[in-house]
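Working through the structure, step by step
These are the residues of each chain, in order.
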Amino acid sequence: MVEITIKEMRQDDWNAVRDIYQAGIATGNATFQTAAPEWDEWNTGHLTKCRYVACVHDELIGWAALSPYSSRHAYRGVAELSIYVHPNNHKYGVGKQLLSTLITASEQAGYWTLIAGIFPENQASIRLHLGQGFRKVGYREKVGEMNGVFRDVIIFEKRSGKVSSD
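Residues numbered from 1 in each chain as written. Predicted model: local features only at pLDDT ≥ 70, side-chain atom pairs only at ≥ 80, totals over all residues. Heavy atoms only, no water.

**Some thoughts on the confidence of the model for the protein**
Applied cut-off: The predictor attaches a confidence to each residue, called pLDDT, with possible values from 0 through 100. Helix numbers and strand numbers start at the N terminus; a helix is a DSSP run of H or I with at least 4 residues, a strand a run of E with at least 2.
On average, residues of the protein score 93 in pLDDT, and 97% of them are at 70 or above. The secondary structure element of the protein with the lowest average pLDDT is strand S1 (residues 4-8), at 94, and the one with the highest is strand S5 (residues 113-118), at 97.

Shown next, in the form of structure tokens:
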């Protein structure tokens, strides 16, 4: 069994994070993005809390982070998640450990809802999210265009059992 270490993401992890992001983009089923951004753009688009990387020995093999859902005060406890595992490391339970860590940290940070948008073709990600207590709440038909093809996105959410939204 492979020992996976989860730690907080640092800026000096960015090169490996970007490479994993780019590998996800190359699958065609991870994101509408066509290229991984530079650090400043990525950093600006993600919350400073709840950023994690997964490592085996000293090799970074996955990452997860939260983005704000909205700038409106009413949505301050809602975040959208991103999770990527290098394709060579899908079989080790890396995604499950990263997502579990992200869920726990998000609740400690006061988030009451996590949202994920997943292409229907990405069955591994759908299974991962369902296995961690997410539920399907919507389906966006042909919501975005990618390489001349309009793609659907399934929306999943997880409500915190620890953070009150009252």
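**Digging into the nonpolar core**
Here is the rule: Among buried residues, those of type Ala, Val, Leu, Ile, Met, Phe, Trp, Tyr and Cys that are joined through side-chain atoms within 4.5 Å constitute a nonpolar core. Whether a residue is buried, partly exposed or exposed follows from its accessible area with a 1.4 Å probe, protein chains only, as a fraction of its type maximum: under 20%, in between, or over 50%, in that order. What makes two residues a contact is simply this: any of their non-hydrogen atoms within 4.5 Å.
Ranked by size, the top nonpolar core spans 28 residues in total, and within it Leu-66, Leu-81 and Leu-98 carry the most contacts. Contributing elements (two or more residues each) for this core: strand S2 (51-56), strand S3 (59-68), strand S4 (78-85), helix H3 (94-108), S5, helix H4 (123-131) and strand S7 (149-159). With 6 residues, H3 is the single largest residue contributor to this core. Those residues within four positions of Leu-98 in sequence are excluded, and the remaining contacts are Ile-6, Tyr-52, Val-53, Ala-54, Gly-62, Trp-63, Ala-64, Ile-83, Tyr-84 and Val-85. With 15 residues, the next largest nonpolar core counts Met-9, Val-17, Ile-25 and Trp-63 among its residues.

**Considering the side chain of Ser-67**
This is how the line gets drawn: The definition of a polar contact used here is a pair of N or O atoms within 3.5 Å, where within protein one atom must be able to donate a hydrogen and the other to accept one, and adjacent residues in sequence count solely through side-chain atom pairs.
With respect to the element layout, Ser-67 can be found in strand S3. Of note is the side chain of Ser-67, whose polar atom sits 3.2 Å from the backbone oxygen of Gly-45. Non-local contacts of Ser-67, meaning those with residues more than four positions away in its chain, are made with Gly-45, His-46, Leu-47, Ala-79 and Glu-80.

**Thoughts on helix H1 (residues 14-27)**
Put simply, the test is: A helix is expected to span 1.5 Å multiplied by its residue count minus one.
End to end, H1 covers 20 Å across 14 residues, agreeing with the expected 20 Å (1.5 Å per residue, within 8%). Those residues of H1 that sit buried are Trp-14, Val-17, Ile-20, Tyr-21, Ala-23, Gly-24 and Ile-25. Note on H1: the residue one or two positions beyond its end, Gly-28, has a positive phi of about 80°.

**A look at the sheet that holds S2**
Adjacent strands of a sheet pair through backbone hydrogen bonds, lying either parallel or antiparallel. To be explicit about the condition: Pairs of strands are assigned from DSSP output, requiring at least two bridges between the strands. Axis definition: a line fit to C-alpha positions, over the contact stretch in the case of helices; interaxial angles, taken between N-to-C directions, run 0 to 180 degrees.
Spatially, S1-S2-S3-S4-S5-S7-S6 is the arrangement adopted by the 7 strands of the open sheet, whose pairing is mixed. Strands with a single pairing partner mark the edges of an open sheet, and in this sheet they are S1 and strand S6 (135-146). Strand-to-strand twist of the sheet, defined as the mean angle between neighbouring strand axes without regard to direction, takes the value 25°. The pairing of S1 with S2 spans 5 bridges and is antiparallel. Bridge assignment links Ile-4 to a residue of S2, and that residue is Val-56. The sheet contacts of H3 involve S1, S2, S3, S4, S5 and S7, and relative to S4 the element is tilted by about 160°.

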